[in-house]
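Topology and contacts: notes
Here's the letter readout for the chains.
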Amino acid sequence: MSRLALVLSLLLLAALPPTASAKVRKGPGGTAFYKPPSHLPGSGHGGLIWARKLSGTAALHGGSSNRLVLYRSTGVKGKAVAVSGTVSVPKGHAPKGGWPVITWGHGTTGIADACAPSRDSASSPAHTLINYAYPLLQRWLKAGYAVVRTDYEGLGTPGDHPYLNGRSEAYSMLDAVRAARKLDRSLGRRVIIAGHSQGGQAALWAASLAHKWTPELNVRGTVALAPVSHLAEQSPLLVNLKEPGGLSGLAAMILRGVDIAAPKLGVPAVLGDRAAAFYPLTLTKCLRQLDAPDAYGSVAPAELLRSGADLTAVLAALSTKDDPEDLTIHTNVRVQQGTADSTVFKAFTDPLVEGYRRRGVPVSYKTYEGVDHGGAVKDAHSATDATSYIRSRLR
């Protein structure tokens, strides 16, 4: 080859776009994937630790690839932690600027590692708390949006999951996008933050922190479907619920989340005797198992807390660390809520939105008559409206 031909060849190679996928370390198989090296590799929050191909139940259909990732984030204690998640990329050629990204915050599954969505299988104890969202996520993937799903801190990976701690969830959601863009260079900067229930609360926290935490991302909007809010206001109402009815397991997980984030508050000391007996199960069972008759399914919400217990510090922690109603959000927000929701009540989502409007948050709000909690994701009208909102924000 002549000198001139060699120079021209090198110039041509330099002009070509980068390869779609960065070279990353392949993670081990099975549950060993979730256990990181003692010294976390990668640089800064959002750094990749390793990745591997994802198949089976947890993989989304309709895209070109599904990968399981382990990445660096910042935990509830302010230290670097490993967080797991998944990255699904659409088929075809990425548009100019790269594939738009939807980072998804999942609803409540549990605190135990077996409850992590990336570990989902048909026999998983959390399967029904995960698979209901697949049709909507696959719809977005087929529409040309990369879908990134975090498991959240401590869910699947070492350490406890600080359930409903807004800042921890937000870091996990945002760092998942940063890691995904390092894994696959076809992903762009335009991002939609979306989530349901716990994930709706997480999405709102992520929207409020993104401009400082991941300033390189162009957050175009946030979709919060039946987002958890006003926990501090709801907790004192438990004393009025004298019959077991499916809320005790969830409430026990909320208390465990506070306990994990702030152990000095002494949450176990405020538990009633029967609630305290089942309390260790919050770390080993998923939500459906906690609701069983041999666990919190037999405990009335009124029995959760010891009579006369001082809840001041616990309620203050819920208000400052978890509740999203006082957040400052500068980017566009969409909230959707079913009127028949008996898990996240419309009576609390209404003032959440009203408070945002008073403070100048650019928020739109739509409710769906007769739609229950899961219906915020599964209902055809709600799913179509959320998809239309995303499309409009990514134009």
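Located above this text is the structure these notes cover.
Values in this document were obtained by computation on a predicted structure and should not be read as measured data. (Residues numbered from 1 in each chain as written. Predicted model: local features only at pLDDT ≥ 70, side-chain atom pairs only at ≥ 80, totals over all residues. Heavy atoms only, no water.)

**Points about the environment of His45**
Heads up, the rule is: Secondary structure elements are taken from DSSP: a helix is a run of H or I of four residues or more, a strand is a run of E of two residues or more, and numbering for both begins at the N terminus. Only heavy atoms enter the contact rule, under which two residues are in contact if any of them lie within 4.5 Å. For the purposes of these results, a polar contact is taken to be a pair of N or O atoms within 3.5 Å, where, inside protein, one atom must be able to donate a hydrogen and its partner to accept one; residues adjacent in sequence count only when each atom of the pair is a side-chain atom.
Position of His45 among the secondary structure elements: in the loop between α1 (3-15) and β1 (48-53). Separated by 132 residues in sequence, His45 and Val177 place their C-alpha atoms 11 Å apart. Ignoring any residue separated from it by four or fewer positions in sequence, one finds His45 in contact with Arg72, Ser73, Thr74, Asp175, Arg178, Trp213 and Thr214. Looking at His45, its side chain comes within polar contact range of the side chain of Asp175, at 2.7 Å.

**A short note on the state of the cysteines**
Quick reminder of the rule: When the sulfur atoms of two cysteines come within 2.5 Å, that pair is taken as a disulfide. Buried, partly exposed and exposed residues are distinguished by accessible area as a fraction of the type maximum, computed with a 1.4 Å probe on protein chains only: under 20%, between the cut-offs, and over 50%, respectively.
Per the counting criterion, the structure on display carries one disulfide. The disulfide that involves Cys115 links it to Cys286, with 2.1 Å between the sulfurs. When the S-S torsion is -110 degrees, as for the bridge of Cys115 with Cys286, the disulfide is left-handed. Residue Cys115 is found in the loop between β4 (99-105) and α2 (134-142), and its partner Cys286 is found in the loop between α7 (273-278) and α8 (287-290); the two are separated by 171 residues along the sequence. Judged on exposure class, the residue Cys115 and its partner Cys286 are both buried.

**Remarks on the packing of helix α6 (residues 248-261) against helix α9 (residues 312-321)**
This is how it is decided: All axes are obtained by fitting lines to C-alpha atoms, using only the stretch in contact for helices, and the reported angles, taken between N-to-C directions, cover 0 to 180 degrees. For classification, angles of less than 35 degrees are called roughly parallel, those exceeding 145 degrees roughly antiparallel, those between 65 and 115 degrees roughly perpendicular, and all remaining angles oblique. Residues are grouped as follows: Ala, Val, Leu, Ile, Met, Phe, Trp, Tyr, Cys and Pro are nonpolar; Asp, Glu, Lys and Arg are charged; all remaining types, including Gly, are polar.
Across the interface, α6 lies against α9 with an axial gap of 10 Å and an inter-helix angle of 90 degrees. Compared by their axis directions, α6 and α9 come out roughly perpendicular. Taking contact as the criterion, the partners of Ile254, Leu255 and Val258 in α6 are, on α9, Val314, Ala317 and Leu318. Of the residues belonging to the contact of α6 with α9, the class tally is six nonpolar, no polar and no charged.

**Let's talk about the pairing of strand β7 (residues 218-225)**
Cut-off, in case you're wondering: Pairs of strands are assigned from DSSP output, requiring at least two bridges between the strands.
Most of β7 is tucked away, with six of its eight residues classed as buried. Here seven bridges tie strand β6 (residues 187-196) to β7, and the two strands are oriented parallel to one another. Looking at the pairing, Ile192 lines up with Gly221 of β7. Note that β7 and strand β8 (residues 333-338) share four bridges and pair parallel. Paired with Leu225 across the strands is Gln336, a residue of β8.

**A look at the sheet that holds strand β2 (residues 63-74)**
The strand order across the open sheet formed by nine strands is β1-β2-β3-β5-β4-β6-β7-β8-β9, and the pairing between neighbours is mixed. Of all the strands in the sheet, the pair left with one neighbour each is β1 and β9 (363-368). Going from strand to strand, the sheet's axes swing by 20 degrees on average, the running direction of each strand aside. Bridging between β8 and β9 involves six bridges; their strand directions are parallel. Bridging across to β9, Gly338 finds its partner in Tyr368. Sheet contacts for helix α3 (residues 166-183): β1, β2, β3 (80-90), β4, β5 (146-150) and β6; angle to β2, the most-contacted strand, approximately 125 degrees. Sitting on the sheet, helix α10 (residues 346-358) is in contact with β8 and β9, with an inclination near 160 degrees to β9.

**Description of the packing of α2 against helix α12 (residues 380-393)**
Defined as follows: Here a crossing is taken to be left-handed if its near helix is turned anticlockwise relative to the far helix by less than a right angle, and right-handed if that turn runs clockwise.
Remark: α2 packs on α12, axes separated minimally by 11 Å, with the N-to-C direction vectors making an angle of 30 degrees. Classified by the angle between their axes, α2 and α12 sit roughly parallel to one another. Remark: the crossing between α2 and α12 carries right-handed chirality. Listed contacts from α12 to Leu136, Arg139 and Trp140 of α2 are Ala383, Thr384, Ala386, Thr387 and Ile390.

**Considerations on the environment of Gly355**
By secondary structure assignment, the location of Gly355 is in helix α10. C-alpha separation for the pair Gly355 and Glu325, spaced 30 residues apart in sequence, amounts to 6.9 Å.

**Details of the side chain of Thr150**
The topology assignment puts Thr150 in strand β5. Among the polar contacts listed, one links the side chain of Thr150 to the side chain of Tyr71, at a separation of 2.8 Å. Here the side chain of Thr150 touches Tyr152 through a polar contact of 3.0 Å, landing on its backbone nitrogen. Dropping the residues within four chain positions of it, Thr150 is found in contact with Tyr71, Val83, Ser84, Gly85, Trp104, His106, Ser172, Met173 and Ala176.

**Focus on the pairing of β6**
The element β6 is extensively covered by neighbouring structure, given that eight of its 10 residues are classed as buried. By the bridge criterion, six bridges tie β4 to β6 in an arrangement that is parallel. In the sheet register, Val101 faces β6, and the bridge partner there is Val191.

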